[in-house]
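Residue-level structure breakdown
Residue-level listing of the chains:
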Amino acid sequence: MKRVSRIDELLADVEAHLKDGVLQVKEASEKGRPIVGTYCTFAPWELITAAGAIPATLCARGEDPITAAEEHLPRNLCPLIKSSYGYALTDKCPYFHFCDMVIAESTCDGKKKMYELMSRMKPLHLMMLPQTAEGDGSRSAWRAELDRLKDGLERAFDVSIDDGAISERISLRNRERLALKSLWELSMMDPPAITGKEQYLISEYCEFHFHKEELVPWLENLVSQIREAYDLGERRVGKDAPRILITGCPLGGAQKVIHAIEDAGAVVVCYENCGGVKELGFLVDEDRPPMEALTDKYLNVGCSVMTPNTSRMDNLKNLIESYNVDGVVEVVLQACHTYAVETYEVRELVRSTGRPYMSVETDYSKSDIGQLATRIGAFLEML
Amino acid sequence: MLTIGVDIGSVGTKAVLFDGDIVDRHLEPTGWNPSEAGHRAMESLLKRNSLSPGRIDCVVSTGYGRKSFAEVDKAVTEITCHARGAHFMDPEVRTVLDIGGQDSKVIVLDDHGRVLDFMMNDKCAAGTGRFLQVMATLLEYSIEEFGAVDPDGEMQKISSMCTVFAESEVVSHLAKGVSKNAVALGLLESVAVRASSMLGRLGIKPVVGFTGGVSRCPSLVSLLEGQLNCDVRTYGDSHYAGALGSALIASEL
């Protein structure tokens, strides 16, 4: 008889509760808690929660609503933008449905213009991102944007946000960041404790769990249980599986790439994408005035909208070394110009470390599954 | 040691019987059932050489149908197989351009035929065998005639690379009275330009070898040489490169 593994049990439990977030948001909304929809890592979670609202990541990863979105948007636009808009338009995203306000950022030209149309459906606050993280001008512009958001939240929900409340949220969020970081760091071990697919699943669960006070200790405990099982000898990944780092555009709608890599016998050990370990490198400094600390934290998210995007390159180099990766796969969503152009620099960077690099351009459809399997298969055969 | 490599492509299925050198080869249309095509190709090789299946030590499949074919010991991607096959045919080759029925690829090799880097076209058929086939039909050429139009003749530039758009562009040139030779040459030139830009992106390491079904168009080869400003080698058996590479890999398993 096959013994059920401890990690299997833990993961089954996560899987069973994957959809809990929708219920949590519905209940909170019915009790009168304001819900704020967000799309991007730049949305300052600490400010939104200090206003007493629940920030919920809005749907942006399905192919289904894209056709509807194309009635308003050009076809030649990134699938993430079309999907986001399509979910809102067709009212198929429960989080969009329940949200009282959307916080958006000018992360690219396509999104920025799409948000103009989306603002017809919900009250929408657009944060104007500077084009660079360097220089005092950019920093003070971003600082002012945080103030403007704070005012906007206070007015929208008729509350006043004081520094004490923000500091409290900063410390909770930092604790969550550390817990998530320790989840990703399970893959620093060789072989990794769990697969990349499994890590992604757990991180999804965390993203859509809205009671962070409960989530954080649960996650800390989960990670230590996985470590314990690993230390007792449980292995889920072969010791020869090539270790792959994925970088580039958000992966939510392009998880087929993770599957192609792991189905071909490799393991994803690190995600330098939004939602992955990328944002967790820098905690918000708890010793400084909270609004100042938040300004620096969010300005330094390594997004390709920034020029130059030094933060991403530094971080990437670091991750390649510390996760001891064998190869890097970059995922670019169709029509994402900023990430597509950056592939040149990323390629140079990865090659300079003596590791192979490959970029794949894809969308949310299934049409390139065969091609992806071949490309990724060939890439892994090179290692 | 006797091995078989089967390359199940989108258009043709190729199989090579190998004992350290090519013993026999077989080509047939893939049709709608890739696994059946792979099976038939193997059967034909065995029958023609009076071999029982038990005599074969190892079978490796490649091509888009590689995973649908159950009778193999291993499936290896066509990138790795083409690289090995091309290197076997010509040990001097360091850059392989392969244009097949529905995709094109560039592979850079090391001295042992191992892949250093590669690039594939995106999922559209622009600039591949399928593109040329559609255009040949439109111009009422056989594939052989189309591939052999005089490369020094008059040329009508074609700007669309998409098969569907290029078709309407061709139709409009013909309606204006442009000769079909000039249009055909323009189409081949557009394939050569696309291929050389792919080669340029990876960086060309001489010697350049051109494989795949489309390498059998002599005019395209000379246009490509003009674009790249270097010699491009082709090989009589080059459409067997993938099958040969997989037979070679099978002999090492």
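The sections below set out a description of the structure shown in this document.

Conventions we followed
Residues numbered from 1 in each chain as written. Chains lettered and ligands numbered in written order. Predicted model: local features only at pLDDT ≥ 70, side-chain atom pairs only at ≥ 80, totals over all residues. Heavy atoms only, no water. Helix = DSSP H or I, 4+ residues; strand = E, 2+ residues; numbered from the N terminus. Rg over C-alpha atoms; globule rule 2.2 N^0.38 Å. Buried < 20%, exposed > 50% of the residue type's maximum accessible area, 1.4 Å probe, protein only. Contact = heavy atoms within 4.5 Å. Axes fitted to C-alpha atoms, helices over the stretch in contact; angles between N-to-C directions. Parallel < 35°, antiparallel > 145°, perpendicular 65-115°, else oblique. Left-handed = near helix turned anticlockwise from the far one by under 90°. Nonpolar A, V, L, I, M, F, W, Y, C, P; charged D, E, K, R; others polar. Buried area = accessible area lost by both parts, 1.4 Å probe. Salt bridge = Lys/Arg side-chain N within 4 Å of Asp/Glu carboxyl O. Polar contact = N/O pair within 3.5 Å; in protein donor to acceptor, adjacent residues only side chain to side chain. Pairing = 2+ DSSP bridges. Expected span 1.5 Å × (residues − 1).

Comments concerning the overall build of chain B
Per the secondary structure count, chain B includes eight helices and 10 strands. Taking 2.2 N^0.38 as the reference for a compact globule, 253 residues should give roughly 18 Å; the C-alpha atoms of chain B span a radius of gyration of 19 Å, in line with that estimate. If you line up chain B on its principal axes, its C-alpha atoms span 60 × 35 × 25 Å. Buried positions account for 56% of the 253 residues belonging to chain B. Counting only contacts in chain B whose residues sit at least 6 apart along the sequence, the fraction spanning at least 24 positions is 65%.

Here's the deal with the packing of helix 12 (residues 256–263) of chain A against helix 16 (residues 369–382) of chain A
Residue and element names in this part refer to chain A. Remark: helix 12 packs on helix 16, axes separated minimally by 9 Å, with the N-to-C direction vectors making an angle of 45 degrees. If you check the angle between helix 12 and helix 16, you find them oblique. Of the two possible hands of crossing, helix 12 and helix 16 adopt the one that is right-handed. Of the residues in helix 16, those touching helix 12 at K256, V257, A260 and I261 are I369, L372, I376 and L380. Residues belonging to the contact of helix 12 with helix 16 are distributed by class as follows: seven nonpolar, no polar and one charged.

Remarks on the interface of chain A and chain B
Facing the 17 residues of chain A at the interface are 17 residues of chain B. Buried area between chain A and chain B, both sides added, is near 1300 Å², and the carbon and sulfur share of it is 49%. Of all residues in chain A, T374(A), E381(A) and M382(A) bury the most surface against chain B, accounting for 42% of the area lost on that side. For the pair chain A and chain B, the number of links is two salt bridges. In this structure, D117(B) and R351(A) form a salt bridge, with 3.0 Å as the shortest nitrogen-oxygen distance. At the boundary of chain A with chain B, the tally comes to seven residue pairs in polar contact (both at pLDDT 80 or more). Elements with a minimum of two residues in the side of chain A that touches chain B: helix 15 (337–352) and helix 16 of chain A. The biggest single contributor to the side of chain A that touches chain B is helix 16 of chain A, with nine residues.

Notes on the pattern of salt bridges
Residues and elements named next belong to chain A. Applying the stated criterion across every chain yields a total of 44 salt bridges over all chains. Ionic pairing is found between K181 and E185, a salt bridge with its closest N-O pair at 3.4 Å. According to the relative accessible area criterion, K181 is partly exposed, its value standing at 25%. Given a relative accessible area of 23%, E185 falls into the partly exposed group.

So, the sheet that holds strand 3 (residues 101–105) of chain A
Residue and element names in this part refer to chain A. Pairing is parallel in the open sheet, where four strands are placed in the order 2-1-3-4. Edge positions in the sheet fall to strand 2 (54–57) and strand 4 (124–127), since each of these pairs with one other strand and no more. In this sheet, neighbouring strand axes are inclined to one another by 25 degrees on average, regardless of whether the strands run parallel or antiparallel. When strand 1 (residues 35–38) meets strand 3, the two strands line up parallel, connected through three bridges. Across the sheet, the residue bridging to G37 is V102, located in strand 3.

As for the pairing of strand 6 (residues 95–99) of chain B
Residues and elements named next belong to chain B. Across the five residues of strand 6, five count as buried, placing the element largely inside the fold. Of the two faces of strand 6, the one carrying T95, L97 and I99 and the one carrying V96 and D98 are both buried. When strand 6 meets strand 7 (residues 104–109), the two strands line up antiparallel, connected through five bridges. Of the residues in strand 7, the one forming a bridge with V96 is I107. Adjacent in sequence and paired antiparallel, strand 6 and strand 7 are bridged by four residues. Of the pairings in the sheet, the one linking strand 6 to strand 9 (residues 208–211) comprises four bridges and is parallel in character. Across the sheet, residue D98 finds its bridge partner in strand 9, namely T211.

Topic: the environment of E185(A)
Examined against the element boundaries, E185(A) turns out to sit in the loop between helix 9 (163–184) and helix 10 (196–207). Setting aside chain neighbours within four positions, we find E185(A) in contact with R227(A) and Y323(A).

Description of helix 5 (residues 163–175) of chain B
Residue and element names in this part refer to chain B. Taking 1.5 Å per residue, 13 residues should reach 18 Å; helix 5 reaches 18 Å between its end C-alpha atoms and fits that length. Here the buried face of helix 5 lies against helix 3 (129–138) and helix 6 (180–202). Positioned one or two residues after helix 5, G177 has a phi angle of 90 degrees, which is positive.

Thoughts on the sheet that holds strand 3 (residues 22–29) of chain B
Residue and element names in this part refer to chain B. Judged by pairing direction, the sheet is mixed, and its five strands sit side by side in the order 3-2-1-4-5 without closing on themselves. For this open sheet the edge positions go to strand 3 and strand 5 (74–75), each flanked by a neighbour on one side alone. Strand direction decides the pairing type here: strand 1 (residues 3–8) and strand 4 (residues 58–62), joined by five bridges, are parallel. Residue D7 lies in a different strand from strand 4, and its bridge partner there is T62.

So, to be careful, I would describe these as geometric facts and stop short of saying anything about function.
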